[in-house]
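# Tertiary structure, described
Residues per chain are reported as follows:
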Amino acid sequence: NAGVMQNPRHLVRRRGQEARLRCSPMKGHSHVYWYRQLPEEGLKFMVYLQKENIIDESGMPKERFSAEFPKEGPSILRIQQVVRGDSAAYFCASSQQGRDQPQHFGDGTRLSIL
Amino acid sequence: QKEVEQDPGPLSVPEGAIVSLNCTYSNSAFQYFMWYRQYSRKGPELLMYTYSSGNKEDGRFTAQVDKSSKYISLFIRDSQPSDSATYLCAMNRNDYKLSFGAGTTVTVRA
C-alpha cells in the first residue's frame, strides 16, 4: 500500500494518560501535516513538518501537544495528560515538495478518552 | 464568520441525478482549491485540485472556481449510490495550511 499509513486506527486512553499517534507518509513525500476533526466540525490544521523540522505549529494547542518527524521512522503526534476534549479523529496528510502540491490523507486515528 | 462556508446539507438525490455542492470563502488570498470525498470512518480522498478560475473536468466530476465571487462548486453527473459520502471543500493560500468547509453529506438513492 503506497498511501499514507496511520496507526493505530483506534486508540482508547484514560484521562491523564499519554497518546502517541503515528504516520508514515506516502512514498516520495517529504512533507507531513496533522489535522484534527471534531464531531460536526471540519478538519482543523494542527502542524506541518518536514524531516527533523517543525515548519508551522500554529494550529497546535500550546500545552500537552507535540509533534516530530525524525530522520528515520514515522511522524509522531504526542498528546500528554489527555483530557475528554481531546477525543477526536486525527488525520495525517503528506505531500511532495512544493507549495502547489496537493495533500493526501491517511484514514486517521480515532482517539477516545474515558 | 468562518473562512470557508459550505452548504450544510444533507443532500439526498435519486441515482442518475446531478449533485451540486458549493462553498464560499472570505479570504481573497486563497489560491488553491480542492474537493475531497470522505466515506464513513475513512480519510479524505482527493477528488479535484484547481488553482485558477474556470472549470476543470475529470470524468463525472466538474470543479468550478469563481475567484471574483469567492465561490467554488463541485458537480457530479450521473450520480451513483457509490457516490454517497461526505464531500469537503478545502483551500489554501501559499502556506500549506488547508482550510476546510464543514462538509456536505450526500446520499444517492438507488
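This write-up is about the structure you can find in this document. All values derive from a computational prediction rather than experimental measurement.

Moving on to the overall build of chain A. Scanning chain A for helices and strands turns up 0 helices and 11 strands. Along the chain direction, N to C, the helices and strands of chain A fall in the order β-β-β-β-β-β-β-β-β-β-β. For chain A, whose C-alpha radius of gyration is 13 Å, the value lies close to the compact-globule estimate of 13 Å for 114 residues. Of all 114 residues assigned to chain A, the portion counted as buried reaches 44%. Residue pairs at least 24 apart in sequence account for 52% of intrachain contacts in chain A once pairs closer than 6 positions are excluded. Surface accessibility of chain A: about 5,900 Å² in total, with carbon and sulfur atoms responsible for 44%.

Quick look at the sheet that holds strand β7 (residues 61-66) of chain B now. All names here are of chain B. As summarised here, the arrangement of the 5 strands in space is β1-β3-β8-β7-β6, forming an open sheet in which the pairing is antiparallel. Only two strands of the sheet have a single partner each, and these edge strands are β1 (4-6) and β6 (54-58). Averaged over all pairs of adjacent strands, the angle between strand axes in this sheet comes to 15°, irrespective of strand direction. Bridging between β1 and strand β3 (residues 19-25) involves 3 bridges; their strand directions are antiparallel. Residue pairing across strands places Gln6 opposite Cys23, the latter belonging to β3.

This part takes up the environment of Gly28 of chain A. All names here are of chain A. Locating Gly28 in the fold gives a position in the loop between β3 (19-24) and β4 (31-37). We classify Gly28 as exposed; its relative accessible area is 62%. Separated by 22 residues in sequence, Gly28 and Gln50 place their C-alpha atoms 13 Å apart.

Conventions we followed
- Residues numbered from 1 in each chain as written.
- Chains lettered and ligands numbered in written order.
- Predicted model: local features only at pLDDT ≥ 70, side-chain atom pairs only at ≥ 80, totals over all residues.
- Heavy atoms only, no water.
- Helix = DSSP H or I, 4+ residues; strand = E, 2+ residues; numbered from the N terminus.
- Rg over C-alpha atoms; globule rule 2.2 N^0.38 Å.
- Buried < 20%, exposed > 50% of the residue type's maximum accessible area, 1.4 Å probe, protein only.
- Contact = heavy atoms within 4.5 Å.
- Areas by Shrake-Rupley, 256 points an atom, 1.4 Å probe, with all protein chains shown as cover.
- Pairing = 2+ DSSP bridges.
- Axes fitted to C-alpha atoms, helices over the stretch in contact; angles between N-to-C directions.

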